[in-house]
Structure formats: C-alpha cells, structure tokens
Amino acid sequence: VNSPIEDRFLTDWSGLRRGAPSELHRPADTSEVAAIVRRCHASHRSITVQGGLTGLAGGAVPADGDVVINLERMNRIEDIDDLEGVMRVQAGATLEQVQSAAAAAGWYFPVDLGARGSCQVGGNAATNAGGQRVLRYGTMRDSVLGVEVVLADGKVLDSLTCLVKNSAGLDPRFLFIGSEGTLGIITRLVLKLQPPPGPPSAAIAALPDVASLARLLRHLKQTLGGMLHAYEFMSRRFVELSVSLTSVGSPVDPSAPWAVLVEARGVQGQTVEESLQAALAFALEDGLISDCAIAASLSDVEAFWRLRQSTPELLTHLKPTVNFDCGLPLRHIPGFVDRVDARLRERFPAAQHLFFGHLGDNNIHLVTGPHREEDMHSVDELVYRELEGHQGTISAEHGIGFIKKPFLAHTRCAAQIELLRSLKRALDPRQVLNPGRVLD
Ligand SMILES: Cc1cc2nc3c(=O)[nH]c(=O)nc-3n(C[C@H](O)[C@H](O)[C@H](O)COP(=O)(O)OP(=O)(O)OC[C@H]3O[C@@H](n4cnc5c(N)ncnc54)[C@H](O)[C@@H]3O)c2cc1C
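If you're wondering where the values come from, they're calculated on a predicted model, not measured in any experiment.

Notes on the overall build of the protein
1) Next: Helix and strand content of the protein: 13 helices and 15 strands.
2) Next: Relative to its length of 440 residues, the protein is compact, with a C-alpha radius of gyration of 22 Å against a globular reference of 22 Å.
3) Next: When the backbone C-alpha atoms are referred to their principal axes, the protein occupies close to 70 × 55 × 40 Å.
4) Next: The buried share of the protein, reckoned over its 440 residues, is 54%.

Okay, here's the thing in structure tokens:
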C-alpha cells in the first residue's frame, strides 16, 4: 500500500479522472490478489482493477475511496509448452513481453496493437482486444485457451486448460474475456501460439472513394486468402496530419481521399511480394485503386506502419478529442462515413475529423477534435445516431468502461442488457469488482 498514490495510477489513456483511491495494491501472485478481494468483499469495499492503463474507455480509472489492484508486478512468463505451442503467463505480463517470449521459443503470438509495450495480456483479455492481426488470427478471445480468475468473493477459479476443445458444459473463459474486470480478476492465462509467419510484404494504396475500400478488401481476400495479414485504412486528413507529425513522407499521392495499408505474409521461408504485386496491379487496372507504393525493404514496411500508428501523436495534437471505435457491416460503411463526416464538418467546422482503423475486421476509428467539454456529448450523440439500424457496434475492440456506458443501448438490445445485468448480479452481488463499468 502506497501513500500518497502516484498520479499514474489515477487515469488511463482516455484521460478520465474520477477521484482519489484510498489504497493501492500491487500483488505478486494470485493468492495475494485473492486475499485483498476477500477482505474487500467482507467489508463491501469497491475495487478498481488495473492492467497497463492503456485503455481508452476509462474502465481502469479509480474513484474516491476505491481499493486499486494493479497487476504490473504479476508479469512472469511461467511456461512455454513447445510441443503444444502454448504459453502460461501471469496476467500482468505486457503484450510485448509475451510476443518476444513466443518468438524466442520459435513461435508467434499474433495479437498486436500500438500499445504493445505497456498493455498487459490480462487487460487485453479483459477488453477482448483486437488490433491489427484480427483479419487473420481473430481477437484476443481466439488466442486464449484458459484463464485463472479471482472471483468477487475471493475464490480462485482455475480453468487454465491448454485444450483446444472442451465441451464439458459452458466454457468459463468466455464469461471473463471482454467482461472488463466486472465479473472477475484474470490472474493467469494460457495463450495459444501460432507458427511464425514469413517475412512481411506491404503496400500503401490510394483509393478514389470510400466504397472502393470494401471492394479492394474483397479482391485481396479472394486473391491472397490466408496471406492477407493486415488491412488498415486512413482518410486523407489522417495521412496529411500523420505526415506532418511524423517524419515519414506519404508514399502515395497525398491528395487521394483514402489510403490503405495492406500487409501480406505467407508461411516461414515463403515470400509473398509477387502475389501482393499481382493483386494490386489487377486492382489498379480495374480502377479500384488510383496509386500504389510497394515496400522495397523492411524499413519501408516499418515506415508504412509508422504512418498508420501515429495515433498517440494525433491524439495529443488534437486534444481534447472525442474518440470512436465503431464496427459496421461493410455494406453500411460508405454511407456511415459520408454522413458522419458531413455532419461533423457542418456542426464543428473548426475541429478535424480523422477516420482510420482495422477495416479488414469492420472496425472504423474516428478521432475528432479539439472540442469544448460542453460539446463532447453532442459529438457522441451525432455519431452514434448514424449507427442505428445498421447492425453496428459502439465498441469494436476498446470496451465500454465508463466513457461509452451512456450509449450502450445504441448497440445492445434491452434483452442483452438484462442478461449482462443478471450475470453481474449472480457473480458479484455486492458490486465489489469494477462497479459502474459497462452497466449501472
Ligand atoms: C496507442 C494505443 C493504441 C491502441 N490500439 C488498440 C488496438 O489496436 N486494439 C485494441 O483493442 N485496443 C487498442 N488500444 C486500447 C488498449 O491498449 C486495449 O484496450 C488494451 O487491451 C488495454 O489493456 P491494459 O492492460 O492497458 O488494460 P487497462 O487499461 O489497465 O484496463 C482496461 C480494462 O480492463 C480491466 N482489466 C485490466 N486488467 C485486468 C485483469 N487482469 N483482470 C480483469 N480486468 C482487467 C480494467 O479494469 C479496465 O476495465 C490502444 C491504446 C493505445 C493507447
């Protein structure tokens, strides 16, 4: 227990602040977590669970009087089973640590996101993180085989299986992955590793309109199949600002309305550059793309990714921002983007509105700012209203936390919300764990 509590434990990447917690614990193992939770359960104290604090929905931000459990010291890679291709790890290990340990053992951990150096695999599981490889390997849910969880009364649930299938009743891991710390604290995980892919080939293509983004994606899926490793789109204004904030020049015509970063990888030892070139040459002839640059070296590949991963600089430059993590069926994306862009520009002409994200898995991020505090709710309302009736989500990968809670009904029907409420009541009747996140 520290006193006073350092500032870094009071907020996450959303910038939300709620108050001053009364205790901070940084346990080293599961039994220490369980002991703290048992004590809080007995005395009806509220716990805030913290991973790497890179969350964008405010879920790890404590309120006045909270007991904070921060997992940063639980960062041990416990075991790698080379025969199965699985890793057992404590929940506080960073994503980068897990990726490096997998690589050192001749395997590959495919979940990857810009915050890899700070976010923790426990936090990734709690938010069901997505990132830039979902297209090929799925979300965090698809990479977790088993979990150990401390429940709200302090009991330890051990479901640390390495089995790929187990139909002996409901699989407990799916209750906790994506539950944002509201149903249990994930303390250890068994992660599924993949064979390492071959060297990356990457390109940035310029597109004439937003509808071409989905058509190019279909073409690349059909021609490259499982080799398609990433498909990340960026609006013209995103590319312009990214170029000015990083030292990377735009590899394609910067006045093109849309750009997409495509990455392809085969199996180990296989180069896929020719296949990518052929697929893009066809797209150029067909008018799907208007311009294209193919990486000639690994440093080009890195520069392309640098352009796309400039979000921390963009967020700082445009702050205070309102950030979105929407998901939509591909056929509804052009209408959504055009309507939201037009309405934002009309209503907030002094702000910038940047679209980008993991379009390969239906995910559209939007950063808009700077905005005045009193306008932020209207910005949210304006964007979420456009999702309605289109089978969309207000959170494709970041979670609901506090920030998106007022808008949950835009994406979940009353019956789904009641089911989530029943689960919370059944597993945490005293509202000990992360109270007020996702639902009231
Ligand atoms: C630059 C940048 C890029 C990003 N890119 C992506 C991206 O591409 N895809 C994506 O999905 N996200 C992205 N994010 C968001 C963020 O990194 C993810 O949501 C990440 O999974 C959060 O992990 P964390 O350890 O930082 O969790 P925290 O922020 O600490 O917590 C997030 C939530 O999980 C709960 N939690 C944390 N650890 C545990 C645990 N062990 N048990 C139970 N509950 C827990 C917290 O209470 C909170 O509700 C990005 C963030 C940044 C800053």
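What follows continues from the structure just given.
Notes on the site of the ligand
1) Next: The ligand sits among 35 residues. The nearest are Val49, Gly52, Thr54, Gly55 and Asn434.
2) Next: Threonine 54 places a side-chain nitrogen or oxygen 2.7 Å from an oxygen atom of the ligand.
3) Next: Take asparagine 434: an N or O atom from its side chain is 2.8 Å from an oxygen atom of the ligand.
4) Next: Out of a free accessible area of 970 Å², the ligand has 96% covered by protein chains.

Here's the deal with the pairing of strand S3 (residues 67–70)
1) Next: Here S3 shows two buried faces, one formed by Val67 and Ile69 and the other by Val68 and Asn70.
2) Next: By the bridge criterion, three bridges tie strand S1 (residues 23–25) to S3 in an arrangement that is parallel. Looking at S3, one finds that leucine 24 is bridged to valine 68.

Describing the sheet that holds strand S14 (residues 352–357)
1) Next: Strand order in this open sheet of seven strands is S12-S9-S11-S10-S14-S15-S13, and the pairing throughout is antiparallel. Whereas interior strands pair on both sides, the edge strands pair on one side only; in this sheet they are strand S12 (291–294) and strand S13 (322–327). Geometrically, the sheet is characterised by an average inter-axis angle of 15° between neighbouring strands, direction not taken into account.
2) Next: Pairing of strand S10 (residues 228–235) with strand S11 (residues 258–264) involves seven bridges; the strand directions are antiparallel. If you follow glutamate 232 over to S11, its bridge partner there is leucine 261.
3) Next: Helix-sheet contacts for helix H12 (residues 376–385) involve S13 and strand S15 (363–369), and the interaxial angle to S13 is about 15°.

Let's talk about the sheet that holds strand S7 (residues 156–159)
1) Next: Taken in spatial order, the five strands of this open sheet run S4-S5-S8-S6-S7, and their pairing is antiparallel. Of all the strands in the sheet, the pair left with one neighbour each is strand S4 (77–81) and S7. For this sheet, the mean angle separating the axes of adjacent strands, direction not counted, is 15°.
2) Next: Pairing of strand S6 (residues 144–150) with S7, which is carried by four bridges, proceeds in the antiparallel orientation.

Thresholds applied
Residues numbered from 1 in each chain as written. Predicted model: local features only at pLDDT ≥ 70, side-chain atom pairs only at ≥ 80, totals over all residues. Heavy atoms only, no water. Helix = DSSP H or I, 4+ residues; strand = E, 2+ residues; numbered from the N terminus. Rg over C-alpha atoms; globule rule 2.2 N^0.38 Å. Buried < 20%, exposed > 50% of the residue type's maximum accessible area, 1.4 Å probe, protein only. Near = heavy atom within 4 Å. Polar contact = N/O pair within 3.5 Å; in protein donor to acceptor, adjacent residues only side chain to side chain. Areas by Shrake-Rupley, 256 points an atom, 1.4 Å probe, with all protein chains shown as cover. Pairing = 2+ DSSP bridges. Axes fitted to C-alpha atoms, helices over the stretch in contact; angles between N-to-C directions. Contact = heavy atoms within 4.5 Å.

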